[in-house]
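Given next are the chains, with one letter for each unit.
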Amino acid sequence: MRLSQMLFVTLREDPAEAEIPSHKLLLRAGYMRRVASGVYAYLPLLWRVLTKISAIVRDEMNATGAQECLLPQLQPADLWRESGRWDTYTKAEGIMFSLVDRRQQEMGLGPTHEEVITAIARDMIRSYRQLPLHLYQIQTKFRDEIRPRFGLMRGREFIMKDGYSFHADAPSLKQTYRDMYDAYSNILRRCGLEFRAVDADSGAIGGSGSTEFMVLAEAGEDEVLYTADGQYAANVEKAVSQPVDAAPSPFTTFETLDTPNTPTIESLAKFLQCSPTQIVKNVLYQAGFDSGKRVLVLVSIRGDQDVNEVKLTNALTNLAANYGGTTLLSLEVPDADAQQAWAARPLPLGYIAPNLADDYIKPGVSDLEPKFLRLIDQTAVNLKNFVTGSNRSGYHTVGGNWGTDFPQPKTVVDVRKAMAGDRACHDPNQTLETARGIEIGHIFQLGTKYSQALGATYTSESGEELPLMMGCYGVGVSRLAQAAVEQSYDKHGIIWPVAIAPYQAIVVIPNMGDDLQVTAAIKLYQELNTAGVETLLDDRNERAGVKFKDADLIGIPYRIVTGRALGDGKVEVAERATGIVQEVAITAVVSLIKSWIDEELIG
Ligand code: ATP
Ligand code: MG
């Protein structure tokens with residue numbers, strides 16, 4: 001492709017809308033344009049990158065026996081009602097775009113395709129003989145994200161490969177899950193990315209396992225905890241660890257102390273000169289279930305620990321049936337406004353004890369559970385002579401014990417957040433370290449959640465009618481493209497891995513007025529393309545300096561310049577990644593570049 005004929009517009013300045021390097025660079029280098037919040041036009045250079053990533057994804061998926069298809073983006077609400085997800089996905093913080101058509105039918109734009117694929121399986125899979133089966137697609141997804149940001153990282157319209165597998169039994173599902181683990185590892189390796197596979201939260205669905213594929217980068221929205229021995233890596237949402245031991249409490253008698261201005265654990269520990277591990281902290285949450293019931297939740301946890309809200313969400317979802325529901329719709333720390341809606345009188349915030357009286361909740365409100373749901377985290381269960389609130393502002397109790405001074409909450413949960421510095425569960429000599437990660441892929445053993453909800457069954461070998469076992473597997477294709485940039489750039493611009501670069505080589509003509517330069521460049525450009533090297537020709541009427549800057553900015557792996565050395569039958573060849581420049585005989589250029597590319601394209 002000749003640059004003079006391309007839509008090629010680069011920017012010198014960083015666009016104000018972009019915060020992270022990869023986002024700035026893709027905009028500056030003319031790969032994409034923002035059309036609306038979280039909505040981007042993928043321009044020709046970026047489209048080539050996305051096409052290459054998709055080709056690698058296809059190749060690896062097909063190698064496992066999965067089959068490509070294309071499912072509708074426009075999906076009927078009724079299907080989503082069958083799975084029970086319509087309301088959760090379209091109301092409140094739901095991320096599904098929905099609309100009403102001219103026949104007054106409600107429809108949604110697909111954020112994911114479990115419902116559609118399960119309905120198809122229900123119609124088409126009859127017998128165990130048809131199993132296992134794995135279908136995938138590469139398609140634009142729509143999600144009305146609450147915080148679209150960082151360009152392609154969190155878009156409202158983005159490209160995803162999603163696949164769904166169907167099985168007669170768990171071992172078959174596990175086999176496909178392992179195959180997908182390998183396929184995803186291959187995809188990321190072939191795209192030239194450094195990544196880590198980590199244990200992930202499977203949400204309230206439970207399931208028997210899920211793995212996320214994380215590209216490590218400072219700008220990542222996820223936190224990964226891992227051990228240096230390589231034995232453990234998990235998303236912080238899911239991570240487990242051993243907390244440090246609690247220090248023995250110095251308080252031996254139960255009493256209430258005047259502790260002015262100590263609403264935080266830090267201020268209290270300082271005032272009482274005790275360790276936060278001797279304090280029971282009581283954190284108040286407001287939960288909303290799909291039944292419409294609002295419940296106030298009081299979590300007692302050791303003072304040095306924090307609540308992991310993902311784990312708390314899972315714990316509450318498991319209790320949803322107690323409130324006539326099946327799932328949790330919202331979870332928040334109630335602010336002053338929210339408290340006004342249910343508190344009968346002002347709460348002793350910062351001084352709450354585990355036995356905070358239920359009459360703080362207004363009586364007789366129909367959708368409001370009249371009693372606190374009291375949960376205790378494992379870390380608080382074995383504390384003796386602990387410090388905690390008194391339900392009176394400015395006062396705390398010390399020397400408290402479960403059973404004698406406070407009834408111990410019946411429901412014991414594990415909702416503590418694992419932290420860097422914690423001891424690892426598999427080996428207490430290993431401590432958890434932290435890194436930021438960009439989630440690129442997620443593979444998931446779903447089990448029978450959707451097949452049961454939609455009645456997708458098959459007839460087993462023994463003639464039984466059983467729900468299909470399912471797995472699902474997603475890769476963010478457009479997010480991957482940007483993550484590659486986030487992992488590989490310098491002050492001059494993007495440094496694409498060869499496998500997904502839009503073009504592999506660029507031939508630059510420094511002086512368009514010099515016929516020798518122009519003729520040599522066009523000849524090389526043609527020879528390279530004929531040899532299968534995807535090559536650009538910078539034949540614009542621009543200064544040499546501008547052309548060099550642009551070639552660096554757009555990140556083409558190999559640059560060939562028909563400059564001064566032409567007289568000796570040589571051209572200058574530069575590697576973008578290393579910056580190494582050498583003079584090479586014109587006759588040797590094509591085979592040299594080809595050999596470099598072959599070396600990079602590990603298959
Ligand atoms: P996240 O936690 O980042 O919102 P998710 O758990 O919602 O991701 P999945 O539903 O598992 O993601 O989707 C599969 C893949 O699609 C993700 O691993 C990610 O690479 C990509 N993806 C998800 N949401 C977006 C988005 N808003 N923009 C771009 N890519 C996305
Ligand atoms: Mg999401």
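For the structure given in this document, a descriptive report is provided here. (Residues numbered from 1 in each chain as written. Chains lettered and ligands numbered in written order. Predicted model: local features only at pLDDT ≥ 70, side-chain atom pairs only at ≥ 80, totals over all residues. Heavy atoms only, no water.)

### As for the packing of aromatic side chains
Inspection of every chain in the model, using the stated rule, returns 11 aromatic pairs. A ring pair is formed by Tyr31 and Trp496, whose centres lie 5.7 Å apart and whose planes are at 55 degrees; its orientation type is tilted. Residue Tyr31 is located in the loop between helix 1 (21–28) and strand 1 (32–36), and its partner Trp496 is located in the loop between strand 26 (493–494) and strand 27 (505–508); the two are separated by 465 residues in the primary sequence. Of the two residues, Tyr31 and Trp496, both sit in the buried class. Here the aromatic rings of Phe386 and Trp402 are separated by 4.8 Å at their centres, their planes lie at 45 degrees, and the arrangement is tilted. (Phe/Tyr/Trp six-rings, centres within 6.5 Å; stacked < 30°, edge-to-face > 60°. Helix = DSSP H or I, 4+ residues; strand = E, 2+ residues; numbered from the N terminus. Buried < 20%, exposed > 50% of the residue type's maximum accessible area, 1.4 Å probe, protein only.)

### Describing the pattern of salt bridges
Within this structure, the stated rule accounts for 33 salt bridges. In this structure, the salt-bridge partner of Arg294 is Asp367, at a minimum N-O distance of 3.2 Å. Here Arg294, found in strand 15 (residues 294–302), pairs with Asp367, found in the loop between helix 9 (336–342) and strand 17 (373–377); they are 73 residues apart in sequence, far enough to count as distant. A relative accessible area of 21% places Arg294 in the partly exposed class. In this structure, Asp552 engages Arg576 in a salt bridge whose closest nitrogen and oxygen atoms are separated by 3.8 Å. Here Asp552 is found in helix 14 (residues 544–554), whereas its partner Arg576 is found in the loop between strand 30 (570–575) and strand 31 (581–585), with 24 residues between them in sequence. Through salt bridges with shared partners, a single network forms among Asp490, Asp552, Arg559, Glu572 and Arg576. (Salt bridge = Lys/Arg side-chain N within 4 Å of Asp/Glu carboxyl O.)

### Some words on the sheet that holds strand 31
Taking strand neighbours across the sheet as the criterion, the 5 strands line up as 28-27-29-30-31 in an open arrangement whose pairing is mixed. Strand pairing shows two members of the sheet lacking a second neighbour, strand 28 (535–538) and strand 31, which therefore form its edges. Within this sheet the neighbouring strands show an average axis-to-axis angle of 25 degrees, counted without direction. For strand 30 and strand 31, the ladder comprises 5 bridges, and the chain directions are antiparallel. Opposite Val573, over in strand 31, you have Gln582 as the bridge partner. Seen against the sheet, helix 14 touches strand 27, strand 28 and strand 29 (558–561) and runs at an angle of roughly 165 degrees to strand 29. Contacting strand 29, strand 30 and strand 31, helix 15 (residues 586–600) runs over the sheet at an angle of about 125 degrees to strand 31. (Pairing = 2+ DSSP bridges. Axes fitted to C-alpha atoms, helices over the stretch in contact; angles between N-to-C directions. Contact = heavy atoms within 4.5 Å.)

### Focus: the nonpolar core
In terms of nonpolar packing, the biggest core is built from 65 residues, with Tyr31, Ile53, Tyr184, Leu480, Trp496 and Ile500 touching the most fellow members. Of the residues forming this core, the biggest block, 8 residues, is contributed by helix 2 (residues 44–63). Viewed by domain, this core spans two of them, domain 1 (12–71 + 109–240 + 434–485) and domain 3 (503–602), each represented by three or more residues. If we skip the residues at most four places from it in the chain, Leu480 touches Ile53, Ile187, Leu188, Cys191, Leu193, Ile440 and Val475. If you look at the next biggest cluster of nonpolar residues, it comprises 24 residues, including Leu79, Leu446, Tyr450 and Ala456. (Core = buried A, V, L, I, M, F, W, Y, C linked by side-chain atoms within 4.5 Å. Domains from an automatic or database assignment.)

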